[in-house]
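# Summary of structural features
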Amino acid sequence: MSPGAPEPSDRDAPLVDVEDLAVAFGDVSVVSGVDLRVDRGDLVGLVGPNGAGKTTILRAIKGTITPDAGSVRLDGEAVADLSARQTGRRVASVPQETNLAFDFRVRHVVEMGRTPHLGRFDGHGADDERAVREAMDAAGVSRFSDRPITAVSGGERQRVLLARALAQETPALLLDEPTASLDVNHAVETLELVRDLVDDGRGALAAIHDLDAAARYCDELVVVANGGVHAAGSPEDVLTAETLRAAFDAEAFVGRSPATGEAAVTAFAAVDADDPSGETVQSGTRRIHVVGSGRDAARTIARLAAAGHDLSVGVVPAGDAAAAVAADAGAAVVSAPAFEPVDDETLEAAVALASEADVTVAVGGDAGPNAPVLAAADRVVSVDGDATDEAVLAAVRESGSESGEGDPETEGRGPPIERGVREAIE
Amino acid sequence: MHAWTRSMAWSAALAATLVAVMVVSAAIGPVTIPPTEVLKAVVNALVVPVGVEFTSLGGGPLLLPGVDVAYRSPFAFPVDDVHRQIVVGVRLPRILLAALVGFALAAAGTVMQGFFRNPMADPSIIGVSSGAATGAVAFIVFPVAVSVTLPLPIVGAVDVGVSDGTGLSLFAFVGALAAAFGVYAIATTRGRTPVATLLLAGVAVQTFLGAVISYLQLQAGESLRRIVAWLMGHLSGAAWSDVAVTAAVVPPLFLLLLAYARDLNVLLLGEEEARGLGIAVERTKRILLGASALITAAGVAFAGVIGFVGLIVPHMLRLVVGPDHRVLLPTAALAGGSFLVAADTVARSGSTELPVGIVTAAVGAPFFVYLLVNREVHEL
């Protein structure tokens, strides 16, 4: 086969096909039982906490580490049977970082991407020149192509590595945190570029930290956590509060970005660490009704949903921020048209939800038309609009536990929590 | 401009420089000979084969047919006979050996600095120089009373005996390769040779061999002077047979290294990325290490330990031509040749002859300090 000729490929086989992959470093298992595939036209996101093994999976796919079990196939052929050169024509990878010891010019580094296509003494042909030029234009590095690689910024360097991978002109791309050191503009441009390449028939697997970006650009997400694939599927199916809690050990609220309509993840610091009883928040899941409107109520709803509580909300004005967040959280929502009196039927629905709830949380001082809802609740916790997340969660937790009533430590924390709101209303 | 084109242009210029340095060097000495006379003497000494006659099937160790080649010298410029003797018989083999050794050391140094991604690397880093020194010192201290006839290409059969300097060179050569192989074997586990382990194994082996050499020096008695001279590097007493052996070994290995110049560039990105770009990393590393060890061994076997050539010449040229090994490797090698010829000319033209290693170190160390102070080294 002459250098530069395309690799024969089985068009039906997935570009990357990983089956039951297991990798261990010495006796320490990093990942096991990993299954994933990347087809032409697919952008697959690899998400998961630090140290979960995302980079390890990428390294196994490009053949730089030998798996302890399972198989990796590129275009239908086992990567273990491919030479470095054959692998280099099938997958190109953009590493997280690189340490170039000598000051090669940017153009030269991009030209190195042609290595798997060149024979030992081949010069760069017209085809190579074109590939290098196009790659540099696409990645936006042409402007500084004559600068030494040691004299460009971290973000620019990351784009040089992307250009090098593009110059390789492989059907599959592996990206390890391709936007980690990029500014917001270049991060979006990079992902748009990868998206375009994928739409033109390539396939890409990208480890991405930014869950919102992953949701926005990927066709499929694979969540790697706890030594294996925790969940896989479309971003909507995978990015849920439950998955994120299990995979990242984080309390997160998954809403929709009003700007893109895609999933938007807001993570909160877990507060179970300072729970004096040692109980985790999850184990104290409650049925909570929230009364209030506007951004303050929305924030409270998001935080309570992230903590895993079962929520209902109402009455809220239709189209209110709190109503939108409550819908994203999967809460039962009772809403009424804004700027109109609330009819009895609606109010009754909300009263019913509140009376079923373990705790009712009133956000903001003025209950307004919701006074009957609070009156129907067994327990009411009132929180100010500027209450901290910790205070909200602590108040909910305490109001449910018999012994926690009047815990001096929590009371000492400050004014946001008020008790006995029922009396005040009466 | 294309990298190989650029490489050719630079190499042509540096090759011309090397020739000029050699001619000037041949003119300098106790008897000063005009450069034109040097050129005439050299041209006169050129011979062309004019006929080949196959004699019987040879009975030599290789069972090659005996070949008689007839030579004729096409030029006959009038040259003073004494001058001709000095130039062709005395100075020229020494100068050519210096050029070849400098060429080999600078080429190996360039490859080692790239290979280890470390500007402090030089050809001795994988134990080659220590091994050569150990072999040579052992030979000097315990002369082996054996005589072997070696069938060598080009030179023909060479008798190796106790009294022969070739025995010394042979021991040095074997010692160099044994040490390099030892370092490689120590650093290799399950088919992989991590560069960092290799570096440390090199340090360990060098330290150990240093102890051996020191002990042998204590036992040396009267031959200590000879040991010290060898350890400091020397080119005196260079014979045409030394030149022939070196010339047979160095250029092919250099071409092999040059064939891997682009791979060496890509290896600078790191081994994992090099693998991703289609380089068979472990095999390439073995070839680069093996060829570097051999080419260095060929150099130090005849000339002893000559420091700094393999360290500073690649640095100098990297400043001038940049880091691309397709350009850097041939230019550094040619410049290394010029540097060592010039250094040896200085070494032999004083009132007492100095070991050339003293001259290269005396010139090289200040230059290295200059590099340190002027940013280049910490940026690498």
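Please refer to the structure higher up on the page.
Residues numbered from 1 in each chain as written. Chains lettered and ligands numbered in written order. Predicted model: local features only at pLDDT ≥ 70, side-chain atom pairs only at ≥ 80, totals over all residues. Heavy atoms only, no water.

Let us look at the overall build of chain A. Counting its regular elements, chain A contains 16 helices and 18 strands. Expressed as a percentage of its 426 residues, the buried residues of chain A come to 53%. For chain A, contacts bridging at least 24 residues in sequence account for 61% of all contacts bridging at least 6. For chain A, the computed accessible surface area is about 18,200 Å², with 47% contributed by carbon and sulfur atoms. (Helix = DSSP H or I, 4+ residues; strand = E, 2+ residues; numbered from the N terminus. Buried < 20%, exposed > 50% of the residue type's maximum accessible area, 1.4 Å probe, protein only. Contact = heavy atoms within 4.5 Å. Areas by Shrake-Rupley, 256 points an atom, 1.4 Å probe, with all protein chains shown as cover.)

What follows concerns the sheet that holds strand S3 (residues 43-47) of chain A. Residues and elements named next belong to chain A. Taken together, six strands build an open sheet; the order of strands is S6-S7-S8-S3-S9-S10 and the sheet is mixed. Looking at which strands have only one partner, the edges of the open sheet turn out to be strand S6 (91-94) and strand S10 (228-233). On average, adjacent strands in this sheet sit at an angle of 15 degrees to one another, irrespective of strand direction. The strands touched by helix H1 (residues 54-61) are S3, strand S7 (172-176), strand S8 (203-207) and strand S9 (220-225); relative to S7, the strand with the most contacts, the crossing angle is about 150 degrees. Relative to S10, helix H9 (residues 241-248) is tilted by about 160 degrees, and along the sheet it contacts S9 and S10. (Pairing = 2+ DSSP bridges. Axes fitted to C-alpha atoms, helices over the stretch in contact; angles between N-to-C directions.)

All names here are of chain A. The strand order across the open sheet formed by four strands is S2-S1-S4-S5, and the pairing between neighbours is antiparallel. On the outer flanks of this sheet lie strand S2 (28-38) and strand S5 (77-78), each paired with one strand and no other. With seven bridges joining them, strand S1 (residues 16-25) and S2 adopt antiparallel strand pairing. For Val 16, the partnering residue across the bridge sits in S2 and is Val 38. Sheet contacts for H1: S1, S2 and strand S4 (69-74); angle to S1, the most-contacted strand, approximately 115 degrees.

Let us now look at the pairing of S1 of chain A. Residues and elements named next belong to chain A. The sheet contact formed by S1 and S4 spans five bridges and is antiparallel. Residue pairing in the sheet places Ala 22 in a bridge with Ala 69 of S4. In this antiparallel pair of consecutive strands, S1 and S2, the connection spans two residues, and Gly 26 shows a positive phi of 65 degrees.

Turning to the environment of Val 373 of chain A, a few remarks are in order. Residues and elements named next belong to chain A. Along the chain, Val 373 turns up in helix H13 (residues 371-376). For Val 373, a relative accessible area of 0% translates into the label buried. Sequence spacing of Val 373 and Arg 40 is 333 residues, and the spatial spacing of their C-alpha atoms is 55 Å. Dropping the residues within four chain positions of it, Val 373 is found in contact with His 289, Val 291, Gly 314, Leu 347, Ala 350, Val 351 and Ala 354.

Note on soluble globular proteins: their nonpolar side chains tend to be buried together. Counting 164 residues, the largest nonpolar core has Val 110 and Leu 239 of chain A together with Met 112, Phe 116 and Ile 126 of chain B as its most contacted members. Ranked by the residues each element gives to this core, the list is headed by helix H3 (residues 81-115) of chain B, at 18 residues. If sequence neighbours within four positions are ignored, Phe 116 of chain B has contacts with Ala 121, Ile 125, Ile 126, Val 195, Leu 198 and Leu 199 of chain B. Leu 304, Val 359, Val 381 and Val 392 of chain A belong to the second largest nonpolar core, which has 30 residues in total. (Core = buried A, V, L, I, M, F, W, Y, C linked by side-chain atoms within 4.5 Å.)

Residues and elements named next belong to chain A. In the structure shown here, the tally under the stated rule is 22 salt bridges over all chains. Residue Glu 77 is joined to Arg 90 by a salt bridge in which the shortest nitrogen-to-oxygen separation is 3.6 Å. With Glu 77 in strand S5 and Arg 90 in helix H2 (residues 84-90), this residue pair connects regions lying 13 residues apart in the sequence. Under the relative-accessibility criterion, Arg 90 is labelled buried at 2%. Notably, a salt bridge pairs Arg 195 with Asp 199, separated by 2.9 Å at the nearest N-O pair. With a gap of four residues between them, Arg 195 and Asp 199 both fall in helix H6 (residues 184-199), about one helical turn apart. Salt bridges linked by common partners bring Arg 114, Asp 127, Asp 128, Arg 130, Glu 134 and Glu 169 together as one network. (Salt bridge = Lys/Arg side-chain N within 4 Å of Asp/Glu carboxyl O.)

Throughout the structure, instances matching the rule amount to three cavities of 30 Å³ or more. Lining the largest cavity are His 108, Glu 111, Met 112, Thr 115, Leu 118 and His 124 of chain A together with Arg 262, Asn 265, Val 266 and Arg 326 of chain B. Only helix H3 (106-111) of chain A together with helix H9 (261-267) of chain B provide two or more residues apiece to the lining of the largest cavity. If one sorts the elements of the lining of the largest cavity by residue count, H9 of chain B sits on top with three residues. For the lining of the largest cavity, the per-class residue count stands at three nonpolar, four polar and three charged. (1 Å grid on protein atoms, 1.4 Å probe; cavity = no way out; pocket = protein on both sides within 12 Å on 5 of 7 lines; lining within 4 Å. Points joined across faces, edges and corners; volume = space filled by probe spheres on them. Nonpolar A, V, L, I, M, F, W, Y, C, P; charged D, E, K, R; others polar.)

All names here are of chain B. Scanning the entire structure with this criterion turns up three aromatic pairs over all chains. Consider the rings of Phe 115 and Phe 116, whose centres lie 5.1 Å apart with planes at 70 degrees: the pair is edge-to-face. Pair check on accessibility: Phe 115 and Phe 116 agree, each one buried. (Phe/Tyr/Trp six-rings, centres within 6.5 Å; stacked < 30°, edge-to-face > 60°.)

We now examine unusual backbone geometry. Most of the time, phi is negative for any residue but glycine, and the peptide bond is trans. Within the chain, Glu 169 of chain A stands out as a residue other than glycine whose phi angle is a positive 50 degrees. Examined against the element boundaries, Glu 169 of chain A turns out to sit in the loop between helix H5 (154-167) and S7. Although it is not a glycine, Phe 308 of chain B adopts a positive phi angle of roughly 75 degrees. With respect to the helices and strands, Phe 308 of chain B occurs in the loop between helix H11 (281-303) and helix H12 (309-321). For Phe 308 of chain B, a relative accessible area of 25% corresponds to the partly exposed category.

Glancing now at the interface of chain A and chain B. Contacts between the two partners involve 36 residues from chain A, matched on the other side by 28 residues from chain B. It is Ala 84, Phe 102 and Arg 120 of chain A in chain A that bury the most area against chain B; as a group they hold 26% of the surface buried on that side. Inspection of the chain A/chain B interface yields three salt bridges. Two residues, Glu 273 of chain B and Arg 164 of chain A, come together in a salt bridge whose shortest N-O distance is 2.7 Å. Between the two partners, chain A and chain B, sit seven residue pairs in polar contact (both at pLDDT 80 or more). Ranked by residue count, the leading element in the side of chain A that touches chain B is H2 of chain A, at four residues. Taken together, the residues that form the side of chain A that touches chain B break down as 14 nonpolar, 14 polar and eight charged. (Buried area = accessible area lost by both parts, 1.4 Å probe. Polar contact = N/O pair within 3.5 Å; in protein donor to acceptor, adjacent residues only side chain to side chain.)

Residues and elements named next belong to chain B. Its place among the elements puts Ser 129 in helix H4 (residues 128-141). Residue Ser 129 is classed as buried on the basis of its relative accessible area of 10%. Non-local contacts of Ser 129, meaning those with residues more than four positions away in its chain, are made with Ser 124, Val 300 and Val 305.

Take H9 of chain A next. Taken together, the buried positions of H9 of chain A are Ala 241, Thr 243, Leu 244, Arg 245 and Ala 247 of chain A. Positive backbone phi, at 60 degrees, marks Asp 249 of chain A, one or two positions downstream of H9 of chain A.

Here we come to a negative patch on the surface. Residues and elements named next belong to chain A. The grouping of Asp 183, Glu 189, Glu 192, Asp 196 and Asp 200 at the surface amounts to a negative patch. You can see Glu 192 is positioned in helix H6. Overall, the relative accessible area of 34% leaves Glu 192 in the partly exposed class. (Patch = residues over 30% accessible without salt bridge, like charges linked within 9 Å, V, L, I, M, F, W, Y side chains within 5 Å. Lys, Arg positive; Asp, Glu negative; His and termini not counted. Charge placed at Lys NZ, Arg CZ, Asp CG, Glu CD.)

Bringing the packing of helix H1 (residues 3-27) of chain B against helix H2 (residues 35-45) of chain B into the picture now. All names here are of chain B. One can describe the packing of H1 onto H2 by two numbers: an axis separation of 8 Å at closest approach and a directional angle of 105 degrees. As judged from the angle between their axes, H1 and H2 are roughly perpendicular. The residues of H2 that touch H1, namely those facing Val 23, Ala 26 and Ala 27, are Pro 35, Val 38 and Leu 39. Per-class residue counts for the contact of H1 with H2 are six nonpolar, no polar and no charged. (Parallel < 35°, antiparallel > 145°, perpendicular 65-115°, else oblique.)

Right, let's talk about the side chain of Thr 193 of chain B for a bit. Tracing the chain through its elements places Thr 193 of chain B in the loop between helix H5 (165-187) and helix H6 (195-220). For Thr 193 of chain B, the residues in contact, after removing those within four places along its chain, are Tyr 184, Ala 187, Thr 188, Leu 198, Glu 282 and Lys 285 of chain B.

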